[in-house]
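Chains, contacts and geometry: an overview
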Amino acid sequence: MTVIEFFDRTPVENIISCLSMRPNKVVLAGGSTDMNEHGRILKRVAAAHDLDIEISCVSVDRNNLTNAVSGLCGIIDSEPGDFSIDLTGGEDLLLVAAGIVAERYAQNGGRHIELHHYNVRSGAVQDCDNNNKVFSTIIPKLSIVDDIVLHGGKLRYSSNVLGDGTYRMSLSDDFAEDVNSMWNLCRTDPAKWNINLNALELLSHYKMQDDDPLDFFLTFRYAKEHVPNCTEKLNRVRRLAEELERHGIIEKLCVESGLLAFRYKNAQVKRCLAKAGSVLEIKMLLLANSALDDDGTKYYNDSASGVTIVWNKYDSYSRRWNFYDKSTNCCDINTENEIDVMLMRGVIPVFISCKNGAVDSNELYKLNTVADRFGSTYAKKIIAATYLGKMGSGREMDPFRRRAEEMGIELIENAHLMNDDELIARLKKATK
């Protein structure tokens, strides 16, 4: 079967029928100069799903109905076999032309042209040619990598959990217990946790042994020579370390003879303690990974934290789509973004910003920009936070809440006051 896809700048609308129908050939029709680049991206994503699909791009007049009808008829007449036209994406004039073409072939007693429309949000397939048949009811799924590639980006990976870049963490039961222990310490007093972790982060820059990244070793004398107000910070880190040792998060704690030393249990634990907001980020990842649908299957088919995306950014007036491919040099990459947590539900991407403390309006715009670039109109956007404002989450944050609503960003407030079931329910509600 050959499928005609009308080129759309929302790329999921161009790939969804490919994944469901698994056709032999796809003809990408439209009038954009970006089609050839987009066609190569579609073929790459299809190949990742074990689909060897021939993809061609054909220019069809999108401003003149008569020419559009003629162009579509030319595509159909040039190809043997069954044809289906996907009405999920594309411009209105081309969709009208598709209806005229299907009717013309039906009246002439010629080939039957299948017409269908896919509801991306619900997964429902609608028969549009009145033969009471739909090509497939299988709901396709995209990975995080698929989504980023479709939108012209690339993930930058780290070779280890403590490196700078995307790293897929091992979400074992043992690690989940450690995260829960750290989260319970954090949620008791998020503001105190932030201060303590900021002190730990600062002192970590002055530790005296770098042979093993899991070891922390610092003398009080050295700290006093190099760290302003070090006594308070050392006391904070000492008390934090004692709490962490009681929960088995760190080992070999030594606080004597002017020395503060300990060893992190493992590298993933250290990453959770690298920054004040990291534990909330990993907690949200674990909850998303454990969420189940009504039929017992995973609610999200892919999940990751610390997702680092690189992409080319040009003048939006001269070029809307800028694709990263194997020929792109590192020096050509001029934009990089990091998403705290990214999920996939079917073909819908979810972008989550995690904040363990005060959140300002810049976070709304940063989240919205990345989600729009790599999720288009279907992206779900969430800010998960303990306190929105410095004094809590009271009425002073109402303008922030209104702006978030206007931008389609869901707020999960007071995350530290919710148990796991409540947080999962809130997350699922925001992404249904």
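Above this text is the structure in question.
Because the structure is a prediction, the values reported are computed rather than measured.

Once that is clear, we can look at the state of the cysteines. Under the defined criterion, the tally for this structure stands at zero disulfides. As a non-bridged cysteine, C18 has C57 as the owner of its nearest cysteine sulfur, 11 Å distant. With no disulfide of its own, C230 lies closest to C254 among cysteine sulfurs, the gap being 17 Å. Exposure remark for C230: the relative accessible area of 6% places this residue in the buried category.

The interhelical angle for the contact between helix α12 (residues 361-375) and helix α13 (residues 398-406), taken along N-to-C directions, is 10 degrees, at an axis separation of 10 Å. Regarding the angle of α12 to α13, the classification is roughly parallel. Facing S361, L364 and Y365 of α12, the residues of α13 in contact are F400, R403 and A404. Residues that form the contact of α12 with α13 fall into these classes: four nonpolar, one polar and one charged.

Within the secondary structure layout, S376 lies in the loop between α12 and β14 (380-385). The buried category is assigned to S376, whose relative accessible area is 11%. In this structure, S376 is in contact with R9, T10, P11, H151 and A371, ignoring residues within four places of it in sequence.

On to helix α4 (residues 92-107), then. Spanning 16 residues, α4 covers 23 Å between terminal C-alpha atoms, matching the ideal 22 Å at 1.5 Å per step. Those residues of α4 that sit buried are L94, A97, A98, V101, A102 and Y105. Seen along its axis, α4 keeps its buried residues to an arc of 135 degrees; they face one direction. Opposite the packed face of α4, turned more than 90 degrees from it, sit the exposed residues D92, A106 and Q107. Against β1 (2-6), β2 (25-30), α3 (65-77), β4 (83-86) and β5 (113-118) lie the buried residues of α4.

With that settled, consider the pattern of salt bridges. Following the criterion strictly, the structure yields 24 salt bridges and no others. Linking E406 and R403 is a salt bridge whose minimum nitrogen-to-oxygen distance equals 2.9 Å. Residue E406 and its partner R403 are both found in helix α13; the two are separated by three residues, about one turn of the helix. Linked through salt bridges whose partners overlap, the residues forming this network are K25, E54 and E79.

Axis separation between helix α7 (residues 190-204) and helix α9 (residues 230-246) bottoms out at 9 Å; the angle between their running directions is 110 degrees. Considering the angle they form, α7 stands roughly perpendicular to α9. Taking contact as the criterion, the partners of W193, I195, N196, L197, A199, L200, L202 and L203 in α7 are, on α9, K233, L234, R236, V237 and L240. Looking at side-chain class alone, the contact of α7 with α9 contains ten nonpolar, one polar and two charged residues.

If you look at the biggest cluster of nonpolar residues, it comprises 58 residues, and the most contacted ones within it are M182, L200, L273, M284 and I352. Ignoring sequence-local partners within four residues, the contact set of I352 consists of I339, D340, V341, L343, I382, A384 and L427. One finds I41, I53, A379 and M397 within the second-largest nonpolar core, a separate group that totals 54 residues.

With that settled, consider the sheet that holds strand β11 (residues 302-311). The six strands are arranged β7-β11-β12-β13-β14-β15 in an open sheet whose pairing can be described as mixed. Strands at the two margins of the open sheet, each flanked by one partner only, are β7 (154-155) and β15 (409-412). Relative to β14, strand β13 (residues 348-355) runs parallel, the two sharing six bridges. Each residue of the ladder has a partner; that of F351, found in β14, is K381. In the packing of helix α11 (residues 278-290) onto the sheet, the strands contacted are β11, β12 (335-345), β13 and β14, and the crossing angle to β11 comes to about 120 degrees. Relative to the sheet, α13 contacts β14 and β15, its axis offset from that of β15 by approximately 135 degrees.

The next point concerns a nonpolar patch on the surface. Where nonpolar side chains cluster on the molecular surface, the patch consists of L65, V96 and I100 and spans about 210 Å² of accessible area. By secondary structure assignment, the location of I100 is in helix α4. Assessed through its relative accessible area of 33%, I100 is described here as partly exposed.

This next bit is on the pairing of strand β8 (residues 215-219). Residues of β8 alternate between two faces, with F216 and L218 buried on one and D215, F217 and T219 left unburied on the opposite face. Note that β8 and strand β10 (residues 259-264) share five bridges and pair antiparallel. When the bridges of β10 are listed, F216 appears paired with F262.

With 17 residues, α9 extends 24 Å between its outermost C-alpha atoms, agreeing within 8% with the 24 Å of an ideal straight helix rising 1.5 Å per residue. Turning to α9, its buried residues number three or more, namely C230, K233, L234, R236, V237, L240, A241 and L244. Along the axis of α9, the buried positions cluster into a sector of 160 degrees, meaning they face one direction only. Buried residues belonging to α9 abut α6 (173-188), α7, β8, α8 (220-226), β9 (250-256) and β10. G248 lies just past α9 and shows a positive phi near 75 degrees.

Cut-offs applied
- Residues numbered from 1 in each chain as written.
- Predicted model: local features only at pLDDT ≥ 70, side-chain atom pairs only at ≥ 80, totals over all residues.
- Heavy atoms only, no water.
- Disulfide = S-S within 2.5 Å.
- Buried < 20%, exposed > 50% of the residue type's maximum accessible area, 1.4 Å probe, protein only.
- Axes fitted to C-alpha atoms, helices over the stretch in contact; angles between N-to-C directions.
- Helix = DSSP H or I, 4+ residues; strand = E, 2+ residues; numbered from the N terminus.
- Parallel < 35°, antiparallel > 145°, perpendicular 65-115°, else oblique.
- Contact = heavy atoms within 4.5 Å.
- Nonpolar A, V, L, I, M, F, W, Y, C, P; charged D, E, K, R; others polar.
- Expected span 1.5 Å × (residues − 1).
- Arc of directions from axis to C-beta.
- Salt bridge = Lys/Arg side-chain N within 4 Å of Asp/Glu carboxyl O.
- Core = buried A, V, L, I, M, F, W, Y, C linked by side-chain atoms within 4.5 Å.
- Pairing = 2+ DSSP bridges.
- Patch = residues over 30% accessible without salt bridge, like charges linked within 9 Å, V, L, I, M, F, W, Y side chains within 5 Å.
- Areas by Shrake-Rupley, 256 points an atom, 1.4 Å probe, with all protein chains shown as cover.

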